[in-house]
Amino acid sequence: MQNDLRNKFQVYLAEAEYLAQLSPDRKVTRLDSALHIAKRTKYSEGISKAAEQLSIVYEEKKDKDSSLIFYHIYRAASDSLFSENNR
């Protein structure tokens, strides 16, 4: 089950990152799904990656508030990962 969810996470993230023809709204949908999976499985690196991409997409959409929210989630997850790796 955990591996299936991680595979879905990877697919959603890859689609949002690499499918150029996806509209920003569709990217947000896929990235939201990826973030949800990462949170559900406590996958810190995944939370960081998905939140960073969401921040970028919202920045492209000129939605500064949402971009900033996801940037903060990204930074918190990245900082947590850094701390874990230094232990």
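Okay, so let's go over this structure. (Residues numbered from 1 in each chain as written. Predicted model: local features only at pLDDT ≥ 70, side-chain atom pairs only at ≥ 80, totals over all residues. Heavy atoms only, no water.)

**Structural notes on the packing of aromatic side chains**
- Inspection of every chain in the model, using the stated rule, returns three aromatic pairs.
- For the ring pair phenylalanine 9 and tyrosine 43, a centre distance of 5.3 Å and an interplane angle of 80° mean the geometry is edge-to-face. Here the residue phenylalanine 9 occupies a position in helix α1 (residues 2-18), and tyrosine 43 occupies one in the loop between α2 (24-40) and α3 (44-60), the gap between them amounting to 34 residues.
- Ring centres of tyrosine 58 and phenylalanine 70 lie 5.6 Å apart, and the angle between their planes is 5°; this geometry places the pair in the stacked category. Taken together, the residues tyrosine 58 in helix α3 and phenylalanine 70 in helix α4 (residues 64-86) connect sequence positions 12 residues apart. The same class applies to tyrosine 58 and to phenylalanine 70, which are both buried.
- Sitting above the plane of the tyrosine 43 ring, arginine 6 keeps its charged end 3.8 Å from the centroid. (Phe/Tyr/Trp six-rings, centres within 6.5 Å; stacked < 30°, edge-to-face > 60°. Helix = DSSP H or I, 4+ residues; strand = E, 2+ residues; numbered from the N terminus. Buried < 20%, exposed > 50% of the residue type's maximum accessible area, 1.4 Å probe, protein only. Lys NZ or Arg CZ within 6 Å of the ring centre and 35° of its normal.)

**Let's talk about the environment of glutamate 59**
- With respect to the secondary-structure elements, glutamate 59 resides in helix α3.
- Setting aside residues up to four positions removed in sequence, glutamate 59 forms contacts with Lys64 and Ser67. (Contact = heavy atoms within 4.5 Å.)

**Details of the pattern of salt bridges**
- Enumeration according to the criterion identifies five salt bridges in this entry.
- With a shortest N-O distance of 2.4 Å, aspartate 25 and lysine 61 are connected by a salt bridge. Taken as a pair, aspartate 25 in helix α2 and lysine 61 in the loop between α3 and α4 lie far apart in primary sequence, 36 residues in all.
- Given the relative accessible area of 47%, aspartate 25 is considered partly exposed.
- Notably, a salt bridge pairs lysine 49 with glutamate 45, separated by 3.3 Å at the nearest N-O pair. (Salt bridge = Lys/Arg side-chain N within 4 Å of Asp/Glu carboxyl O.)

**Quick word on the packing of α1 against α3**
- Here α1 crosses α3 at 25°, and the two axes come no closer than 11 Å. As far as their axial angle goes, α3 and α1 are roughly parallel. The two elements α1 and α3 meet at a crossing, and its hand is left-handed. Residue-level contacts link Phe9, Leu13 and Glu17 of α1 to Gly46, Lys49, Ala50 and Gln53 of α3.
- A breakdown of the residues in the contact of α1 with α3 according to their chemical character gives three nonpolar, two polar and two charged. (Axes fitted to C-alpha atoms, helices over the stretch in contact; angles between N-to-C directions. Parallel < 35°, antiparallel > 145°, perpendicular 65-115°, else oblique. Left-handed = near helix turned anticlockwise from the far one by under 90°. Nonpolar A, V, L, I, M, F, W, Y, C, P; charged D, E, K, R; others polar.)

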